[in-house]
Amino acid sequence: MGDGITTEELAAFVARLGHVSPAVDDAERIDRIRVMEQAKAALAAAQARETVAFKRSQLAAQDAAGVPARNRGKGISAQVALARRESPFKGGRLVGLAEALVGEMPHTLAALAAGEINEWRATLVVRETACLSRADRGTVDTELAGRLGSWGDKQCAAE
């Protein structure tokens, strides 16, 4: 096995979550809730990276197939939406979020992958910097590095 996790391993992990031992004390339950939240965030970061890789692969395949430039990319967001059980509209937003995190905001993506912030807080940072140039967004990302995990939603958006 390589360094990555396979689809089968992910599916097995999800199946195991349905069988978490109930014979624990409340301190253990709180620890599990925290770790589960970290896992959700890490999965959101992995989804973002996978989404960008999927889009790049689809665009390359469409280019190789001779799809006219004006039509390239059509259907990508819809496929992501279907995989995530979301509306096509939200699929477009999720692709955009993934592209911003992976391509422009590596520190925010790293905080998400480490479980320091959740997907909503990463979304807030991306949303609040959407009006900036790519370079300025990168500067904000660098300035926020290491601090996002200690803030709530309002402060993440305000900063």
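Residues numbered from 1 in each chain as written. Predicted model: local features only at pLDDT ≥ 70, side-chain atom pairs only at ≥ 80, totals over all residues. Heavy atoms only, no water.

## So, helix α3 (residues 76-84)
Those residues of α3 that fall on the buried side of the exposure criterion are I76, V80 and A81. The buried side chains of α3 occupy one side of the element, clustering within an arc of 135° when seen end-on. Check the buried side of α3 and you find it contacts α2 (26-64) and α4 (88-104). Among the residues trailing α3, R85 stands out with phi positive, at a value near 60°. (Buried < 20%, exposed > 50% of the residue type's maximum accessible area, 1.4 Å probe, protein only. Helix = DSSP H or I, 4+ residues; strand = E, 2+ residues; numbered from the N terminus. Arc of directions from axis to C-beta. Contact = heavy atoms within 4.5 Å.)

## Considering the packing of α3 against α4
In the contact formed by α3 and α4, the axes pass within 7 Å of each other and the chain directions differ by 105°. Put simply, α3 runs roughly perpendicular to α4. Here S77, V80, A81 and R84 of α3 come into contact with α4, specifically with P88, G91, G92, L94 and V95. Split by residue class, the contact of α3 with α4 holds 5 nonpolar, 3 polar and 1 charged. (Axes fitted to C-alpha atoms, helices over the stretch in contact; angles between N-to-C directions. Parallel < 35°, antiparallel > 145°, perpendicular 65-115°, else oblique. Nonpolar A, V, L, I, M, F, W, Y, C, P; charged D, E, K, R; others polar.)

## A closer look at the pattern of salt bridges
Following the criterion strictly, the structure yields 12 salt bridges and no others. Between E104 and R134 there is a salt bridge; the shortest N-O distance is 3.5 Å. Placement of the pair is E104 in helix α4 and R134 in helix α7 (residues 134-144), with a sequence separation of 30 residues. Between E104 and R137 there is a salt bridge, and its shortest N-O distance comes to 2.9 Å. Taken together, the residues span a long stretch of sequence, with E104 in helix α4 and R137 in helix α7 at a distance of 33 residues. What emerges from the salt-bridge pattern is a single network uniting E104, R134 and R137. (Salt bridge = Lys/Arg side-chain N within 4 Å of Asp/Glu carboxyl O.)

Don't take any of this as a statement about function, it's just geometry.
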